[in-house]
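Analysis of the macromolecular model
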Amino acid sequence: MRGSTDVAPAKRPPLRRALSPRALPWALAALVALAVLLLDQLTKRLVEHSILPGETRRLLPGIQLVHTRNHGVAFGFIPGHELAVTILIALALAALLLYFVRHAHRPLLWLPVGMLLGGALGNILDRLRAGSVTDFLKLPLGWPPFNLADLAITLGVLLLFLLHEETRREGAARPHGGAPPEEGALPERGERAP
């Protein structure tokens, strides 16, 4: 029809159409976790099959590829305490999931949660398979070798902190520090509509 003013409704991405708003953050976190896990495991197997233990190869200026085994947590902390490491990881993951259950509606929270879960699962798989974790990226200035799971965990913690701070600042800027209004809710007396 020519001259019609009807506008077609905007198409939502397939994942958004298929999932409820409550399930979407969980699905996105799972996709990120799976991507981190697959990349981590792939790179570790490549290193294990192409670099001898103790061998060093230059990757980029200041970054070397090495093949080392880590019995501690990220970046070699707490070596030789497998039970303590396992308990620490289990407690951290439980706290992360509890936090996500309560705050999954927050924008982008699924990203650091997925990064943290994928990184933790990548290193847990190594511990179950070989009793230690393969590390292969080495930076200058004596920084301990690490892997993509460690990198995902570190960036996930940083991003989680930044998102938490942003939410805290937004809450402090609202009258009475309250939660944001529900979508479609009317403003309280004396407040302006968003």
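Above this note sits the structure.
Summary of the structure given here. (Residues numbered from 1 in each chain as written. Predicted model: local features only at pLDDT ≥ 70, side-chain atom pairs only at ≥ 80, totals over all residues. Heavy atoms only, no water.)

**A closer look at helix 4 (residues 110-130)**
An ideal rise of 1.5 Å per residue puts 30 Å on 21 residues; helix 4 measures up with 30 Å between its terminal C-alpha atoms. Looking at the residues trailing helix 4, positive phi occurs at Gly 131, about 80 degrees. (Helix = DSSP H or I, 4+ residues; strand = E, 2+ residues; numbered from the N terminus. Expected span 1.5 Å × (residues − 1).)

**Describing a nonpolar patch on the surface**
Taken together, the side chains of Leu 151, Leu 155, Leu 158, Phe 161 and Leu 162 define a hydrophobic patch exposed on the protein surface, amounting to about 460 Å² of accessible area. By the secondary structure assignment, Leu 158 is in helix 5 (residues 148-173). Residue class for Leu 158 comes out partly exposed when judged on its relative accessible area of 48%. (Patch = residues over 30% accessible without salt bridge, like charges linked within 9 Å, V, L, I, M, F, W, Y side chains within 5 Å. Areas by Shrake-Rupley, 256 points an atom, 1.4 Å probe, with all protein chains shown as cover. Salt bridge = Lys/Arg side-chain N within 4 Å of Asp/Glu carboxyl O. Buried < 20%, exposed > 50% of the residue type's maximum accessible area, 1.4 Å probe, protein only.)

**What to know about the pattern of salt bridges**
Considering all chains together, one arrives at ten salt bridges under this definition. For Glu 48, the salt bridge is made with Arg 45, and the minimal N-O distance between the two is 2.9 Å. Here Glu 48 pairs with Arg 45, and both are found in helix 2 (residues 24-50), just three residues apart, close to one helical turn. Linking Arg 168 and Glu 165 is a salt bridge whose minimum nitrogen-to-oxygen distance equals 2.7 Å. In this pair, Arg 168 and Glu 165 both sit in helix 5, three residues apart, roughly one turn of the helix. Classification of Arg 168 by relative accessible area gives partly exposed; the value is 47%. Judged by its relative accessible area of 18%, Glu 165 falls in the buried class. Residues participating in the shared-partner salt-bridge network are Asp 40, Lys 44, Arg 45, Glu 48, Arg 69, Asp 126 and Arg 129.

**Overview of the packing of helix 2 against helix 5**
Packing of helix 2 against helix 5 brings their axes to within 8 Å, and their N-to-C directions diverge by 145 degrees. Residues Val 36, Leu 39, Asp 40, Thr 43 and Lys 44 of helix 2 lie in contact with helix 5, whose contacting residues are Leu 148, Ala 149 and Ala 152. Per-class residue counts for the contact of helix 2 with helix 5 are five nonpolar, one polar and two charged. (Axes fitted to C-alpha atoms, helices over the stretch in contact; angles between N-to-C directions. Contact = heavy atoms within 4.5 Å. Nonpolar A, V, L, I, M, F, W, Y, C, P; charged D, E, K, R; others polar.)

**What to know about the packing of helix 2 against helix 4**
Put simply, helix 2 and helix 4 touch, their axes get as near as 7 Å, and they point 40 degrees apart. When the axes of helix 2 and helix 4 are compared, the pair comes out oblique. Crossing handedness for the pair helix 2 and helix 4: right-handed. (Parallel < 35°, antiparallel > 145°, perpendicular 65-115°, else oblique. Left-handed = near helix turned anticlockwise from the far one by under 90°.)

**Focus: the sheet that holds strand 1 (residues 56-60)**
The sheet built from three strands is open, its strands ordered 1-2-3 with antiparallel pairing. Strand pairing shows two members of the sheet lacking a second neighbour, strand 1 and strand 3 (133-138), which therefore form its edges. Shown here is a sheet whose adjacent strand axes are inclined to one another by a mean of 35 degrees, direction ignored. Where strand 2 (residues 63-70) meets strand 3, five bridges bridge the pair, whose relative direction is antiparallel. Looking at the pairing, Leu 65 lines up with Leu 137 of strand 3. Across the sheet, helix 4 lies against strand 2 and strand 3, angled at about 125 degrees from strand 3, the strand it touches most. (Pairing = 2+ DSSP bridges.)

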